[in-house]
Amino acid sequence: MRIRLLMSIGAPAAAALALVALQSTDTTAQDQAAALKTPWGDPDLQGIWTDETSTPLQRPARFATQEFFTEEQRAELDAQRSGMLGRDKRGEKGSEVDVAGAYNAEFNSVKRTGTRTSMVVDPPDGRIPPITPEAEKIIGEDRAFRQALMQATETCKLQLEGCLGGKYDAKPSPRRAEPPPRYNTARMNRHDGPEDGALADRCLTGGLPEFGAVSFRRIVQTPGGISIVYDVGQGQGWQRNIVMNGSPHLPANIRQWYGDSRGRWEGNTLVVDVTNFSPKVDYRGSRENLHLVERWTRTGPNTLDYEVTIEDPTVWTRPWTVKQEFTRQSDKENRIYYEPRCIEGNVGHPTIIRMGRLEDRAFAEGKGPHPATMDNASGFAEDGDPLQ
């Protein structure tokens, strides 16, 4: 009877022990994180951190009811995505899409699929909230302007992706001489001056919030403040400083590219309120009214949770929240750090502008087509990522 009783309670007891062990492991990691303090007593967030897996910002429709992938789904996505390495999606030989296809899959990094089906954790459906009618109008005006600059190109004639739903008209649009509806941050089919180029073409980063597929952040703390250096994409590195002295935000008339960050400690969590963004930066349509509340929490010796709530009542119908889990990178292996440099802005962008002037001259001399019939804005065709 005693043997039967032990056998009958064996499985539940094992499960309970496993749960206790798991809880003990989690508690140990949390205790270790809580014990990590700077010499002056603040929670220690210092180090080089990155997200070592890939997670879509928004939840794909086919995973609408899932917050987390199964291991089988992760393995299938990993296989599909690794199979894309080395592919080169180009247009018909000699077409503008073929010639302009400077980037292909060789330039992309592929990390293992993460556990979450989306970075967005609120709303619960993992999707960014709908935009407001005001934002719809602004986006529509901007789209119409860019479509007008593309209308006489082969891209619109063939209804390729770069035409963005526009219509083909062999006659160049008179809007080519107009300024954009608002400060330009994206690529357009005109290069009359530096600000016709996208921010990235000018080596200007998008800034916050930063959810890049390839990005690292080094956190450095002092008794009076915190600095974070970001290394993003192809050398668009930048630094932000977080004020920790309890002072209020800057006056509303002072605007900064990366906003004004004011931090405070809530237990072991660094809470940062970010406002005062410049109207010359753009995050999904949000500019000077963008408001972020970040939460940085050390969860273990080599793990860091990042959560940010994003708000702009002129763009989205409600605030929304993104969560990422970062892993600490080796200080020893990264002891030699080369400052990020963006060559596009120093060499590539001036060359693009010069090319535009040569096209103007060739047309004026009867030696080339009208510049408006040439697509100098799209052509960066890539295979779609199955994870997205």
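The structure presented is a predicted model; accordingly, all values stated were derived computationally and were not measured.

### What about the confidence of the model for the chain?
- Residues of the chain with pLDDT of at least 70 account for 82%, and the chain-wide mean is 86.
- Here residues 1-22 is modelled with pLDDT under 50, and outside its nearest four sequence neighbours on either side it reaches zero contacts, counting other chains as well.

### Describing helix α2 (residues 71-82)
- Taking 1.5 Å of rise per residue, twelve residues should cover 16 Å, and α2 covers 16 Å from first to last C-alpha, within 8% of that figure.
- Residues of α2 that are buried make contact with β2 (53-54) and β3 (112-113).

### A word on the environment of Thr 153
- Tracing the backbone shows Thr 153 in the loop between α4 (133-150) and α5 (154-157).
- Assessed through its relative accessible area of 0%, Thr 153 is described here as buried.

### Digging into the packing of aromatic side chains
- All chains considered together, the criterion is met by nine aromatic pairs.
- A centroid spacing of 4.4 Å and a plane angle of 50° characterise the contact between Trp 296 and Tyr 306, whose relative ring orientation is tilted. In this pair, Trp 296 sits in strand β10 (residues 291-300) while Tyr 306 sits in strand β11 (residues 303-311), placing the two residues ten residues apart along the sequence. Considered together, Trp 296 and Tyr 306 belong to a single accessibility category, that of buried residues.
- Ring centres 6.4 Å apart and planes at 35° place the aromatic pair Trp 296 and Phe 326 in the tilted group. Residue Trp 296 is located in strand β10, and its partner Phe 326 is located in strand β12 (residues 320-329); the two are separated by 30 residues in the primary sequence. Across this residue pair, the class does not change: Trp 296 and Phe 326 are buried.
- A network of ring pairs unites the aromatic residues Phe 211, Tyr 283, Trp 316 and Trp 320 as a single cluster.

### A few points about the state of the cysteines
- Per the counting criterion, the structure on display carries one disulfide.
- Between the sulfur atoms of Cys 156 and its disulfide mate Cys 163 the distance is 2.0 Å. For the disulfide bridge between Cys 156 and Cys 163, the dihedral angle about the S-S bond is near 95°, and by the sign convention the bridge is right-handed. Across this residue pair, the class does not change: Cys 156 and Cys 163 are buried.

### What about the side chain of Glu 210?
- Note on placement: Glu 210 falls in the loop between α5 and β5 (215-222).
- Among buried charged residues, Glu 210 stands out as having no salt bridge; its nearest opposite-charge side chain is Arg 217, 4.7 Å away.
- Among the polar contacts listed, one links the side chain of Glu 210 to the backbone nitrogen of Gly 212, at a separation of 2.6 Å.
- Setting aside its immediate chain neighbours within four residues, Glu 210 contacts Ser 215, Arg 217, Tyr 230, Val 232 and Gln 324.

### Describing empty space enclosed by the protein
- Scanning the entire structure with this criterion turns up four cavities of 30 Å³ or more.
- Estimated volume of the largest cavity: approximately 80 Å³.
- For the largest cavity, the lining is made up of 13 residues, of which Arg 176, Arg 190, His 191, Glu 359 and Asn 376 are closest to its centre.
- Here the residues of the lining of the largest cavity sort into three nonpolar, four polar and six charged.

### Comments concerning the pattern of salt bridges
- Following the criterion strictly, the structure yields 21 salt bridges and no others.
- Asp 78 serves as the salt-bridge partner of Arg 112, at 2.8 Å between the closest nitrogen and oxygen. Pair noted here: Arg 112 is in strand β3 and Asp 78 is in helix α2, with a separation of 34 residues, a long-range link.
- Residue classification places Arg 112 among the partly exposed residues on the basis of a relative accessible area of 39%.
- Using a relative accessible area of 19% as the deciding quantity, one classes Asp 78 as buried.
- Between Glu 178 and Arg 175 there is a salt bridge, and its shortest N-O distance comes to 3.0 Å.
- Sharing partners across several salt bridges, the network here consists of Glu 71, Arg 74, Asp 78 and Arg 112.

Criteria and thresholds
Residues numbered from 1 in each chain as written. Predicted model: local features only at pLDDT ≥ 70, side-chain atom pairs only at ≥ 80, totals over all residues. Heavy atoms only, no water. pLDDT = per-residue confidence, 0-100. Contact = heavy atoms within 4.5 Å. Helix = DSSP H or I, 4+ residues; strand = E, 2+ residues; numbered from the N terminus. Expected span 1.5 Å × (residues − 1). Buried < 20%, exposed > 50% of the residue type's maximum accessible area, 1.4 Å probe, protein only. Phe/Tyr/Trp six-rings, centres within 6.5 Å; stacked < 30°, edge-to-face > 60°. Disulfide = S-S within 2.5 Å. Lys, Arg positive; Asp, Glu negative; His and termini not counted. Salt bridge = Lys/Arg side-chain N within 4 Å of Asp/Glu carboxyl O. Polar contact = N/O pair within 3.5 Å; in protein donor to acceptor, adjacent residues only side chain to side chain. 1 Å grid on protein atoms, 1.4 Å probe; cavity = no way out; pocket = protein on both sides within 12 Å on 5 of 7 lines; lining within 4 Å. Points joined across faces, edges and corners; volume = space filled by probe spheres on them. Nonpolar A, V, L, I, M, F, W, Y, C, P; charged D, E, K, R; others polar.

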